[in-house]
Amino acid sequence: MHDDLIERLEKATGPDREIDTAIEELFDPSFRDSTLRQATRYTASLDAAVALVEKMLPGWACGFDAGSKTSIAFVDPHDFADRFLGARYTAQAATPAIALLIALLRALSNRERG
């Protein structure tokens, strides 16, 4: 499941409500049964992406940087000393929020594989 979502995020050129819904359903299965709730705007909001990282990987460091053509982000179980060059999970994407979501999903996917 993570790999398909990662692939969709890597292809995204900007915020995507369908991807937001897929993320919401992945982390909150009860969301599927809710007809009134709207998915959090993870792909549009860096704050929402950071909050999701903090929820799913408590205590992990995360960071991001927006360049003129691409953005990079990382998540790492260590502190910020490693930063981008030594971080365990990194990603590049169209926006910092999307890059951070990819890094998060890579970390979670790796943990599941054990």
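If you're wondering where the values come from, they're calculated on a predicted model, not measured in any experiment.

Draft legend 1. Just the overall build of the chain, in detail. The secondary structure content of the chain amounts to five helices and three strands. Along the chain, helices (α) and strands (β) appear in the sequence α-α-α-β-β-α-β-α when read from the amino end. Dimensions along the principal axes, computed over C-alpha positions, put the chain at roughly 45 × 35 × 25 Å. When burial is assessed residue by residue, the chain has 44% of its 114 residues classed as buried. Here the analysis covers contacts within the chain between residues at least 6 apart in sequence; of these, 43% occur between residues at least 24 apart. Carbon and sulfur atoms make up 48% of the accessible area of the chain, which totals about 6,500 Å². Where the 13 positive side-chain charges of the chain centre and where its 18 negative ones centre are 1 Å apart.

Draft legend 2. Here's a closer look at the nonpolar core. Of all hydrophobic cores here, the largest spans 33 residues; its most connected members are Leu9, Ile23, Val75 and Leu100. Contributing elements (two or more residues each) for this core: helix H1 (2-11), helix H2 (17-27), helix H3 (46-56), strand S2 (71-76), strand S3 (89-93) and helix H5 (96-113). It is H5 that contributes the most residues to this core, 11 residues altogether. For Ile23, the residues in contact, after removing those within four places along its chain, are Leu5, Tyr42, Leu52 and Leu101.

Draft legend 3. Layout of the confidence of the model for the chain. Overall, the prediction assigns the chain a mean pLDDT of 89, with 90% of residues at 70 or greater. Averaged pLDDT values for the elements of the chain fall to 56 in helix H4 (residues 83-86) and rise to 97 in H3.

Draft legend 4. Representation of the packing of aromatic side chains. This model, assessed by the stated rule, comprises one aromatic pair. With a centroid separation of 6.1 Å and an interplanar angle of 20 degrees, the aromatic rings of Trp60 and Tyr89 are classed as stacked. With Trp60 in the loop between H3 and strand S1 (61-66) and Tyr89 in strand S3, this residue pair connects regions lying 29 residues apart in the sequence. Both residues of the pair, Trp60 and Tyr89, count as buried.

Draft legend 5. The arrangement of the environment of Gly14 in detail. For Gly14, the location among the structural elements is in the loop between H1 and H2. Not counting residues within four places of it along the chain, the set of residues in contact with Gly14 comprises Ala94 and Ile98.

Draft legend 6. Molecular detail of the side chain of Glu24. Position of Glu24 relative to the elements: it lies in helix H2. Setting aside residues up to four positions removed in sequence, Glu24 forms contacts with Phe31, Arg37, Ala39, Thr40 and Tyr42.

Draft legend 7. Looking closely at the packing of H1 against H5. Put simply, H1 and H5 touch, their axes get as near as 10 Å, and they point 160 degrees apart. Taken together, the axes of H1 and H5 lie roughly antiparallel to each other. Every pair of crossing elements has a handedness; the one defined by H1 and H5 is left-handed. Residues His2, Asp3, Leu5, Ile6, Leu9 and Glu10 of H1 touch H5, and the partners they reach there are Ile98, Leu101, Ile102, Leu105, Arg106, Leu108, Ser109, Glu112 and Arg113. Here the residues of the contact of H1 with H5 are counted per class, giving eight nonpolar, two polar and five charged.

Reading the values: the criteria
- Residues numbered from 1 in each chain as written.
- Predicted model: local features only at pLDDT ≥ 70, side-chain atom pairs only at ≥ 80, totals over all residues.
- Heavy atoms only, no water.
- Helix = DSSP H or I, 4+ residues; strand = E, 2+ residues; numbered from the N terminus.
- Buried < 20%, exposed > 50% of the residue type's maximum accessible area, 1.4 Å probe, protein only.
- Contact = heavy atoms within 4.5 Å.
- Areas by Shrake-Rupley, 256 points an atom, 1.4 Å probe, with all protein chains shown as cover.
- Lys, Arg positive; Asp, Glu negative; His and termini not counted.
- Charge placed at Lys NZ, Arg CZ, Asp CG, Glu CD.
- Core = buried A, V, L, I, M, F, W, Y, C linked by side-chain atoms within 4.5 Å.
- pLDDT = per-residue confidence, 0-100.
- Phe/Tyr/Trp six-rings, centres within 6.5 Å; stacked < 30°, edge-to-face > 60°.
- Axes fitted to C-alpha atoms, helices over the stretch in contact; angles between N-to-C directions.
- Parallel < 35°, antiparallel > 145°, perpendicular 65-115°, else oblique.
- Left-handed = near helix turned anticlockwise from the far one by under 90°.
- Nonpolar A, V, L, I, M, F, W, Y, C, P; charged D, E, K, R; others polar.

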